[in-house]
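Listed here are the chains, written in short residue letters.
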Amino acid sequence: QVQLVESGGGLVQTGGSLRLSCAASGRTLSNYAMGWFRQAPGKEREFVAAIRWSGGITLYAADVKGRFTISRDNGKNTVYLQMNSLKPEDTAVYYCAADWGVVVSTAARYWGQGTQVTVSS
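Residues numbered from 1 in each chain as written. Predicted model: local features only at pLDDT ≥ 70, side-chain atom pairs only at ≥ 80, totals over all residues. Heavy atoms only, no water.

(A) A look at the pattern of salt bridges. What the rule picks out here adds up to 4 salt bridges. A salt bridge links Glu46 to Arg38, with the nearest nitrogen and oxygen atoms 2.6 Å apart. Relative accessible area serves as the criterion here: at 35%, Glu46 is assigned to the partly exposed category. Between Asp90 and Arg67 there is a salt bridge; the shortest N-O distance is 2.8 Å. Of this pair, Asp90 sits in the loop between strand E8 (78-83) and strand E9 (92-100) while Arg67 is found in the loop between strand E6 (58-60) and strand E7 (68-73), placing the two residues 23 residues apart along the sequence. Under the relative-accessibility criterion, Arg67 is labelled buried at 12%. Each of Arg38, Glu46, Asp63, Arg67 and Asp90 takes part in a single network of salt bridges with overlapping partners. (Salt bridge = Lys/Arg side-chain N within 4 Å of Asp/Glu carboxyl O. Buried < 20%, exposed > 50% of the residue type's maximum accessible area, 1.4 Å probe, protein only. Helix = DSSP H or I, 4+ residues; strand = E, 2+ residues; numbered from the N terminus.)

See below:
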């Protein structure tokens, strides 16, 4: 089992920044991929960014590339999502996910509880 706990959400103005954290426990993550997903009201959950724990290879959704950065801290077993130049359309509940292997998707095995990000115009 992998337990994931997100933090760092909140209310920010357009153009502002937030950093989300996802603390993982329960397993060694060297063979896992971890990612961030988001779900806005009335919409399906969508991919935001992912990182392969071993090697640190990253992947981003097109609409966040260049604004968001995913990273990990091996010592703290924590994944971060630095979000800059935030837009109202980034408003959503953000979820951390983890899965065995090299990819993570909406079918991921482990999920956090979510953290709300609200960007005001």
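(B) Examining unusual backbone geometry more closely. One non-glycine residue, Asn77, lies in positive phi territory at about 50°. Position of Asn77 relative to the elements: it lies in the loop between E7 and E8. Despite not being glycine, Ser85 shows a phi value in the positive range, around 50°. Looking at the secondary structure, you find Ser85 in the loop between E8 and E9.

(C) Geometry of the nonpolar core. Grouped together as the largest cluster of nonpolar side chains are 31 residues, with contacts concentrated most on Leu4, Met34, Trp36, Leu81, Met83 and Tyr94. Secondary-structure elements contributing two or more residues to this core are strand E3 (18-25), strand E4 (32-39), strand E5 (46-52), E7, E8, E9 and strand E11 (115-120). Setting aside its immediate chain neighbours within four residues, Leu4 contacts Cys22, Ala23, Ala24, Met34, Cys96, Ala97, Ala98, Tyr110, Trp111, Gly112 and Gln113. Counting 6 residues, the second largest nonpolar core, distinct from the first, contains Phe37, Ala50, Ala97 and Val104. (Core = buried A, V, L, I, M, F, W, Y, C linked by side-chain atoms within 4.5 Å. Contact = heavy atoms within 4.5 Å.)

(D) Focus on the side chain of Asp90. Note on Asp90: relative accessible area 1%, which makes it buried. In contact with Asp90, not counting residues within four places along its chain, are Arg38, Arg67, Phe68, Ser85, Val117 and Val119.

(E) Fine view of the environment of Ser120. Within the element layout of this structure, Ser120 appears in strand E11. Accessibility expressed as a relative area gives 26% for Ser120, which makes it partly exposed. For the pair formed by Ser120 and Gly16, sequence separation is 104 residues and the distance between their alpha carbons is 9.6 Å. With sequence-adjacent residues up to four places away left out, Ser120 is seen in contact with Leu11, Val12, Gln13 and Thr14.

Without other data, these values stay purely geometric and don't point to any function.
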